[in-house]
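# Coordinate inspection notes
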Amino acid sequence: MTSIPYSVADVMTRKVIAVTPSTGFKDIAAAMKRWKVTALPVIEGEGRVVGVVSEADLLPKEEFHESSPGLIEQMRRLGETAKAGSTQAEELMTSPAVTIRPDATLPRAARLMADRHIKRLPVVDADGTLQGIVSRADLLKVFLRTDEDLASEIRHTVVERLFPLSHKSVAVTVDQGIATLTGQVRDRDVIPMAEHLTRSVEGIVDVRCRLEALAPA
């Protein structure tokens, strides 16, 4: 009953800085510094994402710069010690890349980032071609919606639809993302649903439901 949820396509950054498998170590580091990013998608062909190279992938070279790790440490940290001797993106990158589709919901993107402990996701189409990138900061953009915009959506997509006969007696206010519903409605059983649907509106921080049912005539 609510409006279509925001998708990754609504908040992602479409201009993406990427590297190819043959991009050298110093060029990767320079790109990260210039564009102020901590990870870069690695693409080949016409933009198919084959991996991601991050700051964490570059750090082993500095960590083992002055001394080589012992045999036991090499065995324990095979991946990291191998990257210490790598010079190109194809040797440094994490592959396959953790990606997401443009039509994925924001909660799905947030859960994927949390589960994989990553800060950004390449956004790809059905063929794996890079379409954009979405970061943690992008997911928070919905909380920048104005209180007026949020209140209007709640009125039209929640209150007017759930309470077609008594919606005019319901007041909707939003202050700093906190929505408050007050008034009297005909159907007591629908009040919990109104609170739930209001809470699901993208950008709402919290809900205070003060709706009451009209006394029987």
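Cut-off values and rules
Residues numbered from 1 in each chain as written. Predicted model: local features only at pLDDT ≥ 70, side-chain atom pairs only at ≥ 80, totals over all residues. Heavy atoms only, no water. Pairing = 2+ DSSP bridges. Helix = DSSP H or I, 4+ residues; strand = E, 2+ residues; numbered from the N terminus. Axes fitted to C-alpha atoms, helices over the stretch in contact; angles between N-to-C directions. Contact = heavy atoms within 4.5 Å. Buried < 20%, exposed > 50% of the residue type's maximum accessible area, 1.4 Å probe, protein only. Arc of directions from axis to C-beta.

### So, the sheet that holds strand 6 (residues 178-185)
What the three strands build is an open sheet, ordered 5-6-7; its pairing is mixed. Each edge of the sheet is formed by a strand with only one pairing partner; in this case those strands are strand 5 (170-175) and strand 7 (206-213). Taking the axes of each pair of neighbouring strands and ignoring which way they run, one obtains an average angle of 5° across the sheet. The strands that helix 9 (residues 147-162) touches are strand 5 and strand 6; relative to strand 5, the one it contacts most, it runs at about 150°. Relative to strand 7, helix 10 (residues 191-199) is tilted by about 160°, and along the sheet it contacts strand 6 and strand 7.

### Thoughts on the pairing of strand 5
Residue alternation in strand 5 divides its side chains into a buried set, Val-170, Val-172 and Val-174, and an unburied set, Ala-171, Thr-173 and Asp-175. The sheet contact formed by strand 5 and strand 6 spans six bridges and is antiparallel. Across the sheet, Val-174 pairs through a bridge with Ala-179, a residue of strand 6. Linkage of strand 5 to strand 6, two consecutive antiparallel strands, is achieved through a turn of two residues, within which Gln-176 is found at a positive phi near 55°.

### A closer look at helix 10
Of the residues making up helix 10, those classed as buried are Ile-191, Ala-194, Leu-197 and Thr-198. All buried residues of helix 10 lie within an arc of 125° about the axis, which places them on one face of the element. For helix 10, the exposed residues lying more than 90 degrees away from the buried face are Pro-192 and His-196. Buried residues in helix 10 make contact with helix 9, strand 6 and strand 7.

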